[in-house]
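Chain residues, written in single-letter form:
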Amino acid sequence: MAVDSKAAAKEVTFAWEGKDKTGKTLKGEMRAAGDAIVRANLRRQGVNVTKIKKVSRSGGKKITEKDITFFTRQLAVMMKSGVPLLQAFDIVAKGHSNPSVSRLLFDIKNDVETGSSLTQAFRRHPLYFDQLFCNLVQAGEQAGILDSLLDRLATYKEKILAIKGKIKSAMFYPTAIIIAAVIVISVIMIFVIPQFKELFAGFGAALPLPTQIVIMTSEIFLNYWWLIFGVLGGSIYGLLELKKRSRSFQITLDKLSLKLPVLGEVMRKATIARWTRTMSTMFAAGVPLVEALDSVGGAAGNIIYADATKRIQNEVSTGTSLTIAMQNSEVFPAMVLQMVAIGEESGALDSMLSKIADFFEQEVDDAVDAMTSLMEPMIMMVLGPIIGGIIIAMYLPIFKMGAAVGGS
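Definitions and limits used
- Residues numbered from 1 in each chain as written.
- Predicted model: local features only at pLDDT ≥ 70, side-chain atom pairs only at ≥ 80, totals over all residues.
- Heavy atoms only, no water.
- Helix = DSSP H or I, 4+ residues; strand = E, 2+ residues; numbered from the N terminus.
- Rg over C-alpha atoms; globule rule 2.2 N^0.38 Å.
- Buried < 20%, exposed > 50% of the residue type's maximum accessible area, 1.4 Å probe, protein only.
- Contact = heavy atoms within 4.5 Å.
- Areas by Shrake-Rupley, 256 points an atom, 1.4 Å probe, with all protein chains shown as cover.
- Lys, Arg positive; Asp, Glu negative; His and termini not counted.
- Charge placed at Lys NZ, Arg CZ, Asp CG, Glu CD.
- Expected span 1.5 Å × (residues − 1).
- Bend = angle between axes of the 7 residues up to and from the residue.
- Polar contact = N/O pair within 3.5 Å; in protein donor to acceptor, adjacent residues only side chain to side chain.
- Salt bridge = Lys/Arg side-chain N within 4 Å of Asp/Glu carboxyl O.
- Core = buried A, V, L, I, M, F, W, Y, C linked by side-chain atoms within 4.5 Å.
- Axes fitted to C-alpha atoms, helices over the stretch in contact; angles between N-to-C directions.
- Parallel < 35°, antiparallel > 145°, perpendicular 65-115°, else oblique.
- Nonpolar A, V, L, I, M, F, W, Y, C, P; charged D, E, K, R; others polar.

Now for the overall build of the protein. Counting its secondary structure elements, the protein contains 16 helices and three strands. Its C-alpha atoms give the protein a radius of gyration of 30 Å, clearly above 22 Å, the size a compact globule of 408 residues would have. For the protein, the spread of C-alpha atoms along the principal axes amounts to about 110 × 60 × 40 Å. Residue burial in the protein is summarised as follows: out of 408 residues, 40% are buried. Here the contacts in the protein between residues at least 6 apart in sequence split such that 61% fall between residues at least 24 apart. Of the roughly 22400 Å² of accessible surface on the protein, 62% is carried by carbon and sulfur atoms. The distance from the centre of the 45 positive side-chain charges to the centre of the 37 negative ones in the protein is 8 Å.

Attention shifts here to helix α9 (residues 209-245). Under the 1.5 Å per step criterion, the end-to-end length of α9 is only 46 Å for 37 residues, more than 12% shorter than the ideal 54 Å. The principal kink in α9, of about 80°, is found at Y224.

A separate point is the side chain of S354. By secondary structure assignment, the location of S354 is in helix α16 (residues 349-407). For S354, the side chain forms a polar contact with the side chain of R277, separated by 3.3 Å. Residues in contact with S354, not counting those within four places in the same chain, are R277 and S280.

Relative to the assigned elements, F360 resides in helix α16. Classification of F360 as buried rests on a relative accessible area of 6%. Considering only alpha carbons, one finds F360 and R274, 86 residues apart in sequence, at a separation of 9.0 Å. F360 has contacts with K269, I272, A273, P333, M335 and V336, leaving out every residue within four places of it along the chain.

Summed over the entire model, instances satisfying the criterion amount to twelve salt bridges. R245 is the salt-bridge partner of E241, the closest N and O atoms lying 3.1 Å from each other. One end of the pair is E241 and the other is R245, both in helix α9 and four residues apart, which spans about a single turn. Overall, E241 belongs to the buried group, its relative accessible area being 17%. Ionic contacts of the salt-bridge type, sharing partners, join the residues R73, D151 and E158 into one network.

A few words on unusual backbone geometry. The backbone of E330 sits at a positive phi, close to 60°, despite the residue not being glycine. In this fold, E330 is placed in the loop between α14 (322-329) and α15 (334-346).

Turning next to the nonpolar core. Grouped together as the largest cluster of nonpolar side chains are 44 residues, with contacts concentrated most on W275, I312, L322, M326 and F332. Elements with a contribution of two residues or more to this core: α8 (146-201), α10 (247-259), α11 (263-284), α12 (289-299), α13 (303-317), α14, α15 and α16. Counting residues per element, this core draws most heavily on α16, at twelve residues. Leaving out residues up to four positions away in the same chain, I312 has contacts with W275, L293, L322, A325, M326, S329 and F332. Listed in part, the 38 residues of the second largest apolar core include M78, M79, V101 and C134.

This brings us to the packing of α10 against α11. Relative to each other, α10 and α11 sit at 110°, their axes nearing to 5 Å. In terms of orientation, α10 and α11 fall into the roughly perpendicular class. From α10, S257, L258 and K259 reach across to α11, where they touch G264, M267 and R268. Its residues placed into classes, the contact of α10 with α11 shows two nonpolar, two polar and two charged.

Structure (structure tokens):
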């Protein structure tokens, strides 16, 4: 194993040109440990190599879920149009703007060229292709309907990406406002308040209590800003690391996220939408119910629903109907359970699950729009008194001095 890993680590990409037995000019790329291996592989394929050179593909941005979704759609469209699999990989890889994606696709293409199935090639990159993705591709290969399954998979990933985008947009607005407010208050505390403090030093009278509190807060902020921001940044980093490493903490956070006012309901609807969309896609692809539930829990994006899915899977594997198992999990609303029951009775479970996903995706859209319009006045109600209170506190001595001058 150590020798194999060292050899794999030394593999580089070679661009080659050659001619087949009919004299037709061919071009392509191949990853190998050396140009001699490339020549040998091509010779076995009946290609007489005329030119070969090493290709440098250093750099590149991080591969995102959006990149994988876009690649899946492109591959599905090409295969439906009759483009051979390896040629489709070659076209997408060469045309991609991110070198990291190109390298990944060339690696997969080379695995397939050397005898691996497409599923096996994808499974070698679990960071980008999860169990659900690989299971659906495997179902397509086994049934001989890879183009249809890729199309279904692309649609699924596009819808899931849209749901995640809605949640991010719902979180972005209040987060941006809060960050802007922190910056404004910091600037006031560090640069503005000290100027007022120097002005008030010559008044020769006791300052009002609100003014004293603001000045004292400014002094603390000015002397210990590094500690304040350090503790704040460290706390955020610590919470994120704790969430990664502690399952109990992750469970607590996911429970709290579902109970948050306004946002919690959006998170619940988005989770149910992802759960039912994943289940519908897997079931429609012919993946057995118990096996499909392996991928569904992780795709839900919430550990509460992931644990509930494991309980559902255990009950279904012992003969319990999906409806009863979902009801026993106590995480699905009555409407979902009723529609699943109808789907099971009518034999159209995949279609019914898809309708549930459509309904909840629309609910998320409407909820996010409503929440965005509600957030603005709520944030202003909180930040307005804070910033307004600071301004009033700093002008109180001036008003007091003006009143004293006017009275005299």
